[in-house]
Structure formats: structure tokens, C-alpha cells
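Structural overview
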Amino acid sequence: MKENIILIGYMGSGKTTVGQALADKLSYQFLDTDAYIEEEQNTTISHIFEEYGEEYFRNIETKTIENMEININHNIVSTGGGLPLRECNGAILKKMGFVVFLSVKKETVLKRLEGDTQRPLLQGNHVEQNVEEMLNFRNPIYEYTAHIKVEVDNKTVEEITEEICRNYQIMIKQDEKNEGGVEE
């Protein structure tokens, strides 16, 4: 397994905040797939959605992580909330490294993202219902994609990073043991 930690989860789960804290703690580089795409495309995610549609954006996401899978090591990667929805993306993420699902409750999402006008999927009426429906749909996909699930509600960033680091070290040791072969 490559030595990267990939954070997946719904918007507002803390992927960027936790990712930056992990990068500092482990002396890894931090990459945010949405920020990377905005820089590469020289526009915002909202504009890509408006101008070209969601499917076009999802294709860009897949190409982005295919490139990262080949070219990065010792990175913390924060993914867009919808990136793991494509099954092929989940497989790529697992090749990239240790995949962590940051699980968040609807109430926490609504509180954290109150007034946010930059996220295309939070626009319009019935935001609370939309968030609940998306969480119900996405959470099983996130769980399937991840090596571990970390509940983030009512935890500090430090508590979350400690839990991730502890499990990451276990995964690395297990991977090293498996690479060394099993003695009989």
C-alpha cells in the first residue's frame, strides 16, 4: 500500500480541516481534489457544474485521482464528497493508500454549512431533506470504499487525527507483515 491517507465523506465532515492537521502531524503534503481541479481548470466547481453538468465534473474527478494514484506518496488527500460514488473511483482510492471515511450526522452538516453558497448540491429549497437523502444514499458507499470509518460528531480535530494515525500505523504494520510473507 502506498503511504497516503485519503479522506472521504460528505461535505462538512471535516475532510479539509482534518486533512491539514494530519499533514502537519505526519509531515505529509496536503492535497484537496476540489482545489486541485479548480486550479487545473482555472474555474470553480460551481461553474463547472453550471456550465457542463455533474457528469462532466465527475469525469474530471476520475482523471484527477488516476493521475494522483500514479504520482503521489506521503500525501493526505481530501476528496470531494461525491468522488467515491463511482465504483471505479473507490478502487483507485484504495490503490492510492489508506482510505478513511469521516462519518458525520445531518445536524452537524447543517450547522457547519449554514449560509454556504459555494456548494452546488446545497442550493435550492429543502436543504435539510436533501442532505438527509444524500447521506442515506452515500454513507453505505463511503463505508464500502473505506478501510475504516471515523465518527466525527462531537470530537475535536486532535481526537480525530489521533484515531486516524493509530489505525494508519496498524495498517502500515499489517501491510509490511503481508509483504514479508507469512512464516509457517
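In what follows, the structure referred to is the one given above.
The following paragraphs examine the structure supplied in this document. (Residues numbered from 1 in each chain as written. Predicted model: local features only at pLDDT ≥ 70, side-chain atom pairs only at ≥ 80, totals over all residues. Heavy atoms only, no water.)

Some points on unusual backbone geometry
- Even without being a glycine, Asn 42 presents a positive backbone phi close to 55 degrees.
- Relative to the assigned elements, Asn 42 resides in the loop between helix H2 (33–41) and helix H3 (45–52). (Helix = DSSP H or I, 4+ residues; strand = E, 2+ residues; numbered from the N terminus.)

Structural notes on the nonpolar core
- Within the largest apolar cluster, 41 residues are counted, with the highest numbers of intra-cluster contacts made by Ile 5, Leu 7, Tyr 10, Met 96, Val 100, Leu 102 and Ile 164.
- For Met 96, the residues in contact, after removing those within four places along its chain, are Lys 2, Asn 4, Ile 6, Ile 65, Met 68, Glu 69, Ile 72 and Val 77.
- Core analysis: the next-biggest nonpolar cluster, separate from the first, contains six residues, Ile 45, Ile 48, Phe 57 and Ile 60 among them. (Core = buried A, V, L, I, M, F, W, Y, C linked by side-chain atoms within 4.5 Å. Buried < 20%, exposed > 50% of the residue type's maximum accessible area, 1.4 Å probe, protein only. Contact = heavy atoms within 4.5 Å.)

Description of the pairing of strand E4 (residues 98–103)
- Buried residues dominate E4, accounting for six of its six residues.
- A two-sided burial pattern is seen for E4, the buried positions comprising Phe 98, Val 100 and Leu 102 on one face and Val 99, Phe 101 and Ser 103 on the other.
- Here four bridges tie strand E1 (residues 5–8) to E4, and the two strands are oriented parallel to one another. Bridge pairing in E4 places Ile 8 opposite Phe 101.
- Pairing analysis gives four bridges linking E4 to strand E5 (residues 148–151), with the strands arranged parallel. Within E5, the residue paired with Leu 102 across the bridge is Val 150. (Pairing = 2+ DSSP bridges.)

With respect to the packing of aromatic side chains
- On inspection of all chains with the given rule, the structure shows five aromatic pairs.
- On the numbers, 6.3 Å between centres and 85 degrees between planes, the contact of Tyr 28 with Tyr 168 is edge-to-face. Taken together, the residues Tyr 28 in the loop between helix H1 (15–26) and strand E2 (29–32) and Tyr 168 in helix H8 (residues 157–179) connect sequence positions 140 residues apart.
- Tyr 28 gets classed as buried once you look at its relative accessible area, which sits at 12%.
- With relative accessibility at 1%, the residue Tyr 168 sits in the buried group.
- Centroid distance Phe 49 to Phe 57: 5.2 Å. Interplanar angle 45 degrees. Geometry classified as tilted. Residues Phe 49 and Phe 57 agree in their burial class; the two are buried.
- Here the guanidinium or amino end of Lys 94 rests over the ring plane of Tyr 144, the centre of that ring lying 5.5 Å away. (Phe/Tyr/Trp six-rings, centres within 6.5 Å; stacked < 30°, edge-to-face > 60°. Lys NZ or Arg CZ within 6 Å of the ring centre and 35° of its normal.)

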